[in-house]
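Examining the three-dimensional arrangement
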Amino acid sequence: NAGVTQTPKFQVLKTGQSMTLQCAQDMNHNSMYWYRQDPGMGLRLIYYSASEGTTDKGEVPNGYNVSRLNKREFSLRLESAAPSQTSVYFCASSEKGQGYGYTFGSGTRLTVV
Amino acid sequence: QKEVEQDPGPLSVPEGAIVSLNCTYSNSAFQYFMWYRQYSRKGPELLMYTYSSGNKEDGRFTAQVDKSSKYISLFIRDSQPSDSATYLCAMTLGTYKYIFGTGTRLKVLA
């Protein structure tokens, strides 16, 4: 099915470990996003890429890095995981980037112990 | 004060009821408004988006925006058990950064 694919679906890390969350979309969208979702906090933007070759910080970028590998792929890296990064991470993409809504992936549930 | 406020619920209604979900916001510059539905352990899916004020209808769903009151609503007619989910409102100035509400959990009882 067309859409946004995230891997892995679940991950447990120890404090200080690093990992990369992968995201790929097959809708030829220009813009891609990484969000985290926490109870009572809603969805918060970590980083986004308006188009291939560009990335920008969102609301909560500290502790994360991103790479827009090509038009299809946008990865999120945790260099030194902390318990505060325990969350559900969603990747999303959009065609026009301005107000027309996102297509979300199914999420990665990350626990840092 | 949060930029977008949404009652977390849960909201429980009998099958067939009309459901009203609401968000208030503080930034009068918001121009685009969206509603997402999120089933448990799934990603949000876009239900509707509207630009500026007014109503928009799609099947059993109606989105309403009142910019003068800084208030948006989603109405679900003839609610079904399959509508049981968390509903998120979102809005943007027209940039790449959306502000999401925390979501309202809806349970439609058969």
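Up top you'll find the structure we're talking about.
Residues numbered from 1 in each chain as written. Chains lettered and ligands numbered in written order. Predicted model: local features only at pLDDT ≥ 70, side-chain atom pairs only at ≥ 80, totals over all residues. Heavy atoms only, no water.

Our focus in this paragraph is the overall build of chain A. Across its full length, chain A carries zero helices and eleven strands. In sequence order, the secondary structure elements of chain A are arranged as β-β-β-β-β-β-β-β-β-β-β. For the C-alpha atoms alone, the extent of chain A along its principal axes is close to 40 × 30 × 30 Å. Expressed as a percentage of its 113 residues, the buried residues of chain A come to 50%. For chain A, the proportion of contacts with a sequence separation of at least 24, taken over those separated by at least 6, is 55%. (Helix = DSSP H or I, 4+ residues; strand = E, 2+ residues; numbered from the N terminus. Buried < 20%, exposed > 50% of the residue type's maximum accessible area, 1.4 Å probe, protein only. Contact = heavy atoms within 4.5 Å.)

This paragraph deals with the pattern of salt bridges. All names here are of chain A. Overall, the coordinates contain six salt bridges over all chains when judged by the stated rule. The partner of Asp 38 in a salt bridge is Arg 44, and the shortest N-O contact between them spans 2.9 Å. Taken as a pair, Asp 38 and Arg 44 share a single burial class, namely buried. One network of salt bridges, in which partners are shared, links Arg 36, Asp 38 and Arg 44. (Salt bridge = Lys/Arg side-chain N within 4 Å of Asp/Glu carboxyl O.)

A word on the state of the cysteines. Two cysteines form a disulfide when their sulfur atoms are joined by a covalent bond. Residue and element names in this part refer to chain A. Tallied over the entire structure, the rule returns two disulfides over all chains. Here Cys 23 engages in a disulfide with Cys 91; their sulfurs sit 1.9 Å apart. Across the disulfide from Cys 23 to Cys 91, rotation about the S-S bond amounts to roughly -75 degrees, and the bridge is consequently left-handed. Here Cys 23, found in strand 3 (residues 19-25), pairs with Cys 91, found in strand 9 (residues 87-94); they are 68 residues apart in sequence, far enough to count as distant. By relative accessible area, Cys 23 is classed as buried at 3%. Given the relative accessible area of 0%, Cys 91 is considered buried. (Disulfide = S-S within 2.5 Å.)

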